Every structure is written in structure tokens, then in C-alpha cells.
Amino acid sequence: MPILEMTNVRKIFGGQTVLDGIDMSLDAGRVYHLIGPNGSGKTTLINVISGALEADGGRITYDGHDITDMRMLQTYKLGMARTFQIPQLFENLTVLENTLVATGENSGESYRRAAFHNTWKGDEGRAVNIAQDALAKSKILDKQQIQSDELSGGQSKLLEVAKAIAGDARILLMDEPIAGINPKLAHSIFEMIRTMARTSNVTFLIIEHRLDISLGYADYVFAMDRGKIVASGTPDEIIADKRVAESYLGK
Amino acid sequence: MSLGPEVTFFVDLLAIYSIYIIINTSLNLEFGYAGIPNFGKVLAVGVGAFVAAAIPGRIFASMAGIEGDYIADNIAIMSGVNAWLVDNTGIGFTVFFVTLGIAAAISAVIGIATAYPAIRLRGDYLAITLLALAEGMRIIGINYADIAGGTLGVQLPDPLVWLPADLRFPIATLGLVAMATIAMIYSDRLIRSPLGRLLRAVRDNEVSAESLGKDVTRARVKTIMVAAAMAGIAGAMYAFYAGSTIAFAYDRINWTFWPFMMILIGGLANNRGVLVGTFIFVLVRKLITFYKDSVQEFVPFDVVWLDYLLLGVILIVILLYRPQGILKERATPTIHIEGHHDTPVYVRLKNIARRLVYG
């Protein structure tokens, strides 16, 4: 049974149909790629799934729940996390603090308990371990004390990845996670993603343009153009697909 | 014995400093840490003062069996109440603390009511809405005389009436200092917790906080509520300290704009900044008031404008050359992490002590 399923999902911006009847079905524990030229609707699709935007039609189900009308807050609680194409960091917080915010519920976040250190320090200790683990996996642990607005573009991207994996998400929607990251680090990020999928059964839906690096890690690829899924299949099938080549690779 | 002018100056400075510390700490929690531009700060302060004006006097009067219209015969009733309080200090203190509790509770409830638009509005619009609500409070206070005597004001009962006259203000000031210390410690503990981190995160990037499952609305509403309760206590204590209340006194300049100025000078989202900024402001203001007359011959304008001018210049200089304020925002570590530079001194000392004891 698929973990995430979309049927005929539509999104219209002021008369322009940006998502034109998307049907997708994702199985748990696999790495999916979403590719397509700029403006084909990839980011909008992630926004609609996560609840940052409302769908104008169709139905999205996740793990047995109808999440079509849910906001981000609710989809997150069900185990769905996402990253943003432009890193959305808490700029006055350190790298570690940024990641700690992403570690899910913490009893010290309530006004009733916050002033009493003893009531939350256990939770906080666990959160620090989780956060540092996520930072290590994202290759940015050495920057944990740095205020996040001092990071370079690539480092901000790595932190964005760390924030996404620090929660207990079952499915991760990632918008260009390796843009601006050097090839060696980019490979290690994708290796980490593949390991998470294989060992922890986490599902990934990843938008990526740097196919030379990322395609080797994908189990399955959806290609979009002008709001539609124009092709889907294994990486090899997609590369051989003429429609994809025309729309995307520009041949 | 009689207190010299230097002592009076110092006591007065400390009292007003303490009151502003409570209010500014609460404003810093809202604006500095949570990013809520509460331009209606005076609302909660005024509500606290109104509670202190309206409730304890009536309670004491009925306990002491003093008849009469609380507002119309206010001065006569209050002198009767204060005479009665000399022999009933225990009841006096009990009612005083209950009043603080009521002031906090009512301010918090009104805070939630004002938070209703806060859920829907952002930035400037929210600031304007809160400003208007606070003005409404003052106008109600002026026109509805039953609360705080309308345009004439009311006298407040004095739980410290049994003290020798010279000691009354110094002792009351100690009470204010104690409350300011509690407010400071409470706020500092909130900030050095996962909650403090959450508030700063919500302020920095609402969308990201929501995408990480944080209930942004809830965090905002609760912050407004807690800050309003703190400001309400400050308002009530100030009314007791001054011994009388008048609705005109709760204006946006003294209890909204000056607090904003103090935390901007000191540095937003930094509790030490609140201490520094408030001190500079209160001291400059007090010195001007104290030495105004001797300055008159040197300035080509009326000295009553001196504090506005001088404080305005200080604010502009700060905003131009150090926009983050004198002390800037710092990381607020929650627990000790090896190699963390910002670990507070007391945690470092504790860790050293622990290493010494346990090896």
C-alpha cells in the first residue's frame, strides 16, 4: 500500500493552471525524484502536499489520512517534513539551536514548565543528541556554535537538510537539497538519504536539478512539465525518455 | 529623623527603575524575543493600576465598616481605612497580595482578548490595533469614574501605613526591587529554555517554525498573556507605591513609548540590555527633572522639553551607530554542551564544582 497518494491534484494561480491533474503514488522507504524545467510546478506540488498551499482540486492521502486540506502544522504532526528551496533558517539562532527547534515536541516549550529547568532537562538532553546526530549526518556539526546567518549558501542548505531529518518524519519532501553544495558533500548527503530510506524506511520525494549527482541515488523518477507528470520510471527509463529529453534536457 | 534629598533621589530612582524593569522585561519578552510589536503596553499596566484603585480600597472599607460613596467620599474613606490598617497590617498585606493576583489575572484575560487580533494581523497593523485598544482603556478609565475616580483620581489604601513616615517609601521601594528581581529571574529562566528558543525561532521565521510543527499562534497568544500579567502586576504595584491613581497618568508615552525606547537603547532580546537601557533612561530622566532649574539659563528653550530632546538624541545615535542596541542578542544555551562558548557563568561554575566533587 502506498504511503503517499495523489489523485488529480490541481492548483491554479490567477487563471494559470500550475498543477494540472497530478497523479502520483509513493511507496514507503524509497527515494523518489521530481524533475522538470523551471516553472513546471515542482515546488508548487511540494507546497500543496505539505500544506503550505491549498489544493484547488483533487485528493492527497498520506498513510491512510486525507491530508488534502491540512496545513503544514498538521502534516508535520502526521510525520511529514519538508525543506525549502531557499533555506528558511532562524537567522539569530545558532546552527545547533536551529536544529533543536526541529527536533519535535519538547516539554520545555510550554510556559508552565519553561521556568523549571528540572522538568525539561531530560527532554532537552535527548533533543541535543538528536540534533547533533542530524548535524553530523548533514556534515555541518563543526559549525554548530555559529549563528546561522553567518553560514555560506551551501552550509545553509546543509542546515536545512539537518532540520528536516532531525524530526521524526516518515516522509521528507526536499526542494533542491544539494543546490550550491560541492560535489563530494553532495554525494555524501545523498548517500545519507539512501541509507535513511533503506534502514529507517523513510520515504523521500526530492526535487533536484543536478541529475549527474543525484540520479544514481533515485529509485524512481517523476518528470514534470507545465503542471503535468509527463513521464515516470526508473532513472534509466527516464534518461531514455524522449519527452523528458525534449522538455528538460533541451535536445 | 529625616531623609536628605540625595536619599530621596536615590530611593525614587530605584523605585521607578524597578517598575520599569518589570514592564520592560515583559515588553522584551513580547517584542524582543517573540517579535510581537505591543504598542499597547500601557493597556496591561493601566488595567493593573485600575484594579489596585478599584478593589482593595473597597474591601478594606467594608471590613473596617466605613460607610460612604467610595469615589465621592474617597479621601475621607481612605484616611479612615489607613487609620484602620495601622492595627490590621496582616489583613493589609493579604489583600495587597490578593490584589496583585487579581491585577495579573485580569490583565492576562484582557491580554488574551487583545491577542485575538494578534493572531490575524502582522507587524504595523497589529501595532496600530494594540495602540488603539490601549487608548480605549484610558478613555474608559477617565469616563467611568467608578474604576479609578475618573478625572479626579482616587487615593489608594497604604498597607505600609504603620511604618514611620520616613521609612515608608524606602521600604516600599525594597518591595518593588524584590518584585523586579523576581520578574527578571523568571524572564531569564523562560529565555534560557526550549520555550525561549521557540519564541526566537517564531520571530525569525514563522513559516519555517510552522513547517517544523510549531504552533505559532499558540506561542504568541501565551506570550501576550504572560507579558500582560507581568505588566499588570507592575501597574498595581506602582499605584500602591504612588498612593493614588488617575486614569490620565496611564498614557502611551510613559508606559508604551518610553519602555520601547529603553529596550531599544539597551538591546532587544537581551535581558541584560533591559537592565542597562532602563538604567540609562531612568537616570537621565531623573537627573533632568532634578537639575532642570539650574540648566534653564544655559539653554535657549524651556527646560521641560529637555528630556524629550536629550532622550530622542540618544535613541537616534543608538539606532544610527549600534542598531542592535548597547548589548546585542546572544545565544541562550539551555543545557551545558561541551565547548559551548555561551554557557552561562553559573553553569560553568557548577560544572567545575561537579568535576571537583565527582572527579
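Definitions and cut-offs
- Residues numbered from 1 in each chain as written.
- Chains lettered and ligands numbered in written order.
- Predicted model: local features only at pLDDT ≥ 70, side-chain atom pairs only at ≥ 80, totals over all residues.
- Heavy atoms only, no water.
- Helix = DSSP H or I, 4+ residues; strand = E, 2+ residues; numbered from the N terminus.
- Rg over C-alpha atoms; globule rule 2.2 N^0.38 Å.
- Buried < 20%, exposed > 50% of the residue type's maximum accessible area, 1.4 Å probe, protein only.
- Contact = heavy atoms within 4.5 Å.
- Polar contact = N/O pair within 3.5 Å; in protein donor to acceptor, adjacent residues only side chain to side chain.
- Buried area = accessible area lost by both parts, 1.4 Å probe.
- Salt bridge = Lys/Arg side-chain N within 4 Å of Asp/Glu carboxyl O.
- Nonpolar A, V, L, I, M, F, W, Y, C, P; charged D, E, K, R; others polar.
- Domains from an automatic or database assignment.
- Core = buried A, V, L, I, M, F, W, Y, C linked by side-chain atoms within 4.5 Å.
- Pairing = 2+ DSSP bridges.
- pLDDT = per-residue confidence, 0-100.
- Axes fitted to C-alpha atoms, helices over the stretch in contact; angles between N-to-C directions.
- Parallel < 35°, antiparallel > 145°, perpendicular 65-115°, else oblique.
- Expected span 1.5 Å × (residues − 1).
- Bend = angle between axes of the 7 residues up to and from the residue.

## Examining the overall build of chain A
Consideration 1: Check the secondary structure of chain A and you find ten helices and ten strands.
Consideration 2: Over its C-alpha trace chain A gives a radius of gyration of 19 Å, about what one expects of a compact globule, namely 18 Å for 251 residues.
Consideration 3: Along the three orthogonal principal directions, the C-alpha set of chain A runs to about 60 × 40 × 35 Å.
Consideration 4: Counting the 251 residues in chain A, one finds 55% classified as buried.
Consideration 5: If you take every contact in chain A between residues at least 6 apart in sequence, the share linking residues at least 24 apart comes to 66%.

## What about the environment of A:Y32?
Residue and element names in this part refer to chain A.
Consideration 1: Structurally, Y32 can be placed in strand β3 (residues 31-35).
Consideration 2: A relative accessible area of 2% places Y32 in the buried class.
Consideration 3: Y32 sits 173 residues away from L205 along the chain, and the two C-alpha atoms are 4.7 Å apart.
Consideration 4: Each residue touching Y32, except ones within four places of it in the same chain, is listed here: S25, L26, D27, T203, F204, L205, I206, Y220 and F222.
Consideration 5: At 2.7 Å, the side chain of Y32 forms a polar contact with the backbone nitrogen of D27.

## Description of the interface of chain B and chain A
Consideration 1: Each partner contributes to the interface: chain B provides 39 residues, whereas chain A provides 38 residues.
Consideration 2: Carbon and sulfur atoms supply 61% of the area buried between chain B and chain A, which totals about 3300 Å² over both sides.
Consideration 3: The tally of links from chain B across to chain A stands at four salt bridges.
Consideration 4: A:E97 serves as the salt-bridge partner of B:R200, at 3.2 Å between the closest nitrogen and oxygen.
Consideration 5: Counting the contacts that link chain B with chain A gives 14 residue pairs in polar contact (both at pLDDT 80 or more).
Consideration 6: When residues of the side of chain B that touches chain A are traced back to their parent elements, those giving at least two are α8 (165-191), α9 (194-204), α10 (206-211) and α11 (216-242) of chain B.
Consideration 7: In terms of residue count, the dominant contributor to the side of chain B that touches chain A is α9(B) (nine residues).
Consideration 8: Residues that form the side of chain B that touches chain A fall into these classes: 16 nonpolar, eleven polar and twelve charged.

## Describing the pattern of salt bridges
Consideration 1: Considering all chains together, one arrives at 24 salt bridges over all chains under this definition.
Consideration 2: For B:K214, the salt bridge identified is with A:E109, shortest N-O distance 3.2 Å. Of this pair, B:K214 sits in the loop between α10 and α11 while A:E109 sits in the loop between α3 (95-101) and α4 (111-114), on two different chains. Of the two residues, B:K214 and A:E109, neither departs from the other in class, the shared state being buried.
Consideration 3: Ionic pairing is found between B:K286 and B:D12, a salt bridge with its closest N-O pair at 2.7 Å.

## Overview of the side chain of A:S40
All names here are of chain A.
Consideration 1: Tracing the sequence through the fold places S40 in the loop between β3 and α1 (42-50).
Consideration 2: Among the polar contacts listed, one links the side chain of S40 to the backbone oxygen of P37, at a separation of 2.8 Å.
Consideration 3: With residues near it in sequence (within four places) discarded, S40 still touches V18, M224, D225, R226 and G227.

## Side note on the domain arrangement of chain A
All names here are of chain A.
Consideration 1: Splitting chain A by domain gives domain 1 (1-79 + 170-251) and domain 2 (92-166).
Consideration 2: Put simply, the middle of domain 1 and the middle of domain 2, counted by C-alpha atoms, are 26 Å apart.
Consideration 3: Facing the 15 residues of domain 1 at the interface are twelve residues of domain 2.
Consideration 4: Those elements that place two or more of their residues in the side of domain 1 that touches domain 2 are α2 (72-77), β7 (171-175) and α7 (183-200).
Consideration 5: Counting residues per element, the side of domain 1 that touches domain 2 draws most heavily on α7, which supplies five residues.

## Structural notes on the nonpolar core
Consideration 1: Counting residues in each nonpolar core, the largest one holds 147 residues, and the members touching the most others are A:L172, A:F204 and B:Y250.
Consideration 2: When residues of this core are assigned to domains, at least three map to each of domain 1 (1-79 + 170-251) and domain 2 (92-166) of chain A.
Consideration 3: Ignoring anything within four residues of it in the chain, the contact list for B:Y250 reads B:V42, B:V45, B:G46, B:A49, B:F50, B:M137, B:R138, B:G235, B:Y238, B:A239, B:T245 and B:W255.
Consideration 4: By size, the runner-up hydrophobic cluster in this structure holds 25 residues, among which are A:I3, A:I49, A:I67 and A:L173.

## Comments concerning the pairing of strand β1 (residues 4-13) of chain A
Residues and elements named next belong to chain A.
Consideration 1: In this structure, β1 lies alongside strand β2 (residues 16-26), joined through eight bridges in antiparallel fashion. Paired with F13 across the bridge in β2 is Q16.
Consideration 2: If you look at the hairpin formed by β1 and β2, you'll find two residues sitting between the two strands, and G14 has a positive phi there, around 50 degrees.
Consideration 3: With five bridges connecting them, β1 and strand β4 (residues 57-62) associate as antiparallel partners. Its bridge partner lying in β4, E5 is registered against T61.

## Overview of the confidence of the model for chain A
Caution applies to low-pLDDT parts of the model: their predicted coordinates are not meant to be read in detail.
Consideration 1: Mean pLDDT over chain A: 91, with 98% of residues reaching 70 or higher.
Consideration 2: Across chain A, element-level confidence peaks in strand β8 (residues 203-207) of chain A with a mean pLDDT of 96 and bottoms out in helix α10 (residues 242-249) of chain A with 75.

## What about the packing of helix α1 (residues 5-33) of chain B against helix α12 (residues 252-266) of chain B?
All names here are of chain B.
Consideration 1: Close contact between α1 and α12 brings their axes to 9 Å; oriented N to C, the two are set at 75 degrees. If you check the angle between α1 and α12, you find them roughly perpendicular. Within the contact between the two elements, α1 uses I19, Y20, I23, N24, L27, N28 and F31 and α12 uses N254, W255, W258, P259, F260, M262 and I263.

## Side note on the sheet that holds β4(A)
All names here are of chain A.
Consideration 1: Read across the sheet, four strands follow the order β2-β1-β4-β5 without closing on themselves; strand pairing throughout is antiparallel. On the outer flanks of this sheet lie β2 and β5 (65-66), each paired with one strand and no other.
Consideration 2: Taken together, the two bridges between β4 and β5 define a ladder with antiparallel strand orientation. Of the residues in β5, the one forming a bridge with T61 is D66.
Consideration 3: Those strands touched by α1 are β1, β2 and β4, and its axis lies near 115 degrees from that of β1.

## Points about the packing of α8(B) against helix α13 (residues 271-295) of chain B
All names here are of chain B.
Consideration 1: Taken N-terminus to C-terminus, the directions of α8 and α13 make an angle of 145 degrees; their axes are 10 Å apart at the nearest point. Here α8 contributes M184, S187, D188 and I191 to the contact with α13, which in turn contributes N271, V274 and L275.
Consideration 2: Looking at the contact of α8 with α13 residue by residue, the class counts come to four nonpolar, two polar and one charged.

## Some details on the side chain of A:E109
Consideration 1: Accessibility expressed as a relative area gives 15% for A:E109, which makes it buried.
Consideration 2: Of the polar contacts made by the side chain of A:E109, one reaches the side chain of B:K214; its length is 3.2 Å.
Consideration 3: If near-sequence neighbours (up to four positions away) are discounted, A:E109 is found in contact with A:G104, B:P194, B:L195, B:L198 and B:K214.

## Things to note about α1(B)
Every α-helical turn comprises 3.6 residues, leaving residues that sit three or four positions apart pointing alike.
Residue and element names in this part refer to chain B.
Consideration 1: Taking 1.5 Å of rise per residue, 29 residues should cover 42 Å, and α1 covers 39 Å from first to last C-alpha, within 8% of that figure.
Consideration 2: A maximum bend of about 30 degrees is found in α1 at L27.
Consideration 3: Counting buried positions along α1 yields 21 of 29 residues, so the element is predominantly enclosed.
Consideration 4: With its phi angle positive at about 75 degrees, G35 sits one or two positions after the end of α1.

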